[in-house]
Amino acid sequence: MKRRRFLETSAAASALAALAPAVISRARAADAPDVEAAKKEGQVSWYTAHFDTQTAEGVGNAFMKKYPGIKANVFRSTAQVVYQRLSQDMRAGVAECDVFSSTDVGHYIHLKPSGVFLEWTPPNAANVVAAFKGLDPDGQYYVTSVGLICITYNKSKVKESEVPKSWPELTDPKWKDQVSVGHPGFSGYVGTWVVEMRKLYGWQYFEKLKAINPQIGRSINDTVTMLNSGERTIAAGPEATTLESAAKGNPLGVVYPSDGSLLMVSPSAIMKNSKHPNAAKLFMDFLMGPETSEVYVEYFQAPILPGIKPAAGAKPISEVKTIRPTIDEITTGIPEVIKQWRDTFGV
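Bear in mind that the values here come from a model prediction, so they are computed numbers and not experimental data.

(A) Fine view of the packing of aromatic side chains. Counting across every chain of the model gives 19 aromatic pairs. For the ring pair F63 and Y67, a centre distance of 5.2 Å and an interplane angle of 50° mean the geometry is tilted. Each member of the pair F63 and Y67 is classed as buried. Consider the rings of Y108 and Y141, whose centres lie 5.1 Å apart with planes at 40°: the pair is tilted. Of this pair, Y108 sits in helix α5 (residues 105–111) while Y141 sits in the loop between α5 and β4 (142–154), and the two are 33 residues apart along the sequence. Given the relative accessible area of 0%, Y108 is considered buried. Here Y141 falls in the buried class, since its relative accessible area comes to 3%. Clustering of aromatic rings is evident, with ring pairs tying together W167, W193, Y201, W203, Y205, F206, W341 and F345. Positioned over the ring face of F75 is R85, at 4.0 Å from the centre of the ring.

Structural data, given as structure tokens:
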């Protein structure tokens, strides 16, 4: 595969500048994972909301192929569900999760002060795109996935020329009974999108959306199902899962809004009480390695390493106008918008 650099651009860098320090505050030697010790542990448990189920399992299978004898137990759900499951484990005093991957950065901000994450620097952390480094100044969690929320549509129902080209156009009354969205109370992607739309356009944006009767799923990936079924014709949906579905022959398309596609950066962390600490380190390092970025591309996700060509049909993030709330806006905003959403939509 021919390779070219992408993502290392001012667009991605500026979108993340408000998120985190440019460098980790203090140096820590990167300890190489002990592969033999990991094999003796024999397994690793991964709680993840990063992708759809197929992609998450693809990552797990790639890990097991590279490290035979270590089973990757993949539990994939929406961000709030995996967080609730982790919280239940913690209250019960059990250690079922080795690596925790959420799409809601606020989960890490909330959990970090209680000392539940292992401070450790994966060797592959040095190789990811510069704009995605240093999310946590203490190195307790790292960006292991990035993605975009765009306007998506069913090509058999809507002409490309008619598709909304900006986020406000999505709330036009002519789209009554045609729009699909996820739920901020379940999806970190959707929660972050709602925070950003409120920031840009005020809560009246969602009052207008309510007026056109959107179909509300849980995961942002539910929008893809709704578009494929023809129940809805346009959506605020994920670039990756939509393009993956289109590659399978479904009539789906993606529009990158003129006012900006939402850039999602999603972290992972190793639990300090992990029952399989060596396997957890090996898996965490794998999430930031070249094999995983190749798997990401295979499943139409954006790679986090430079020099890897994006999937067919996807624009390099360097060519996309991106928008994103700050970490503080996400942390305080998601609980607020979940309440506002339920008050407005009744779900």
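From this point, the narrative continues.
(B) Representation of the pattern of salt bridges in the model. Under the criterion given, the structure shown has seven salt bridges. Of the charged contacts, one joins E96 and K275 as a salt bridge, the two residues approaching to 3.9 Å between their closest N and O atoms. Of the two residues, E96 is situated in the loop between α4 (79–92) and β3 (99–101) and K275 in the loop between β9 (261–270) and α10 (277–287); the sequence distance between them amounts to 179 residues. Judged by relative accessible area, E96 falls into the partly exposed class, the value being 38%. The partner of E329 in a salt bridge is K199, and the shortest N-O contact between them spans 3.2 Å. Of this pair, E329 sits in helix α12 (residues 327–345) while K199 sits in helix α6 (residues 188–201), and the two are 130 residues apart along the sequence. The class for E329 is partly exposed, based on a relative accessible area of 26%. Overall, the relative accessible area of 45% leaves K199 in the partly exposed class. Each of K112, D136 and D138 takes part in one network of salt bridges that share partners.

(C) View of the pairing of strand β1 (residues 43–48). β1 sits mainly inside the fold: five of its six residues count as buried. Across six bridges, the pairing between β1 and strand β2 (residues 71–76) is parallel. Looking across to β2, one finds that V44 is bridged to A72. Once you follow β1 into helix α3 (residues 53–66) and on to β2, the crossover reads as right-handed. Where β1 and β3 come together, three bridges link them in parallel fashion. The residue bridging Y47 from the neighbouring strand is F100, located in β3.

(D) Molecular detail of helix α9 (residues 239–247). Taken across its nine residues, α9 has seven buried, putting it largely inside the fold. Among the residues of α9, E239, A240, T241, T242, L243, E244 and S245 are the ones counted as buried. Where α9 is buried, its residues contact α3, β4, α8 (222–229), β7 (234–238) and β8 (252–255).

Rules used throughout
- Residues numbered from 1 in each chain as written.
- Predicted model: local features only at pLDDT ≥ 70, side-chain atom pairs only at ≥ 80, totals over all residues.
- Heavy atoms only, no water.
- Phe/Tyr/Trp six-rings, centres within 6.5 Å; stacked < 30°, edge-to-face > 60°.
- Buried < 20%, exposed > 50% of the residue type's maximum accessible area, 1.4 Å probe, protein only.
- Helix = DSSP H or I, 4+ residues; strand = E, 2+ residues; numbered from the N terminus.
- Lys NZ or Arg CZ within 6 Å of the ring centre and 35° of its normal.
- Salt bridge = Lys/Arg side-chain N within 4 Å of Asp/Glu carboxyl O.
- Pairing = 2+ DSSP bridges.
- Right-handed = clockwise from strand over helix to strand, strands pointing away.
- Contact = heavy atoms within 4.5 Å.

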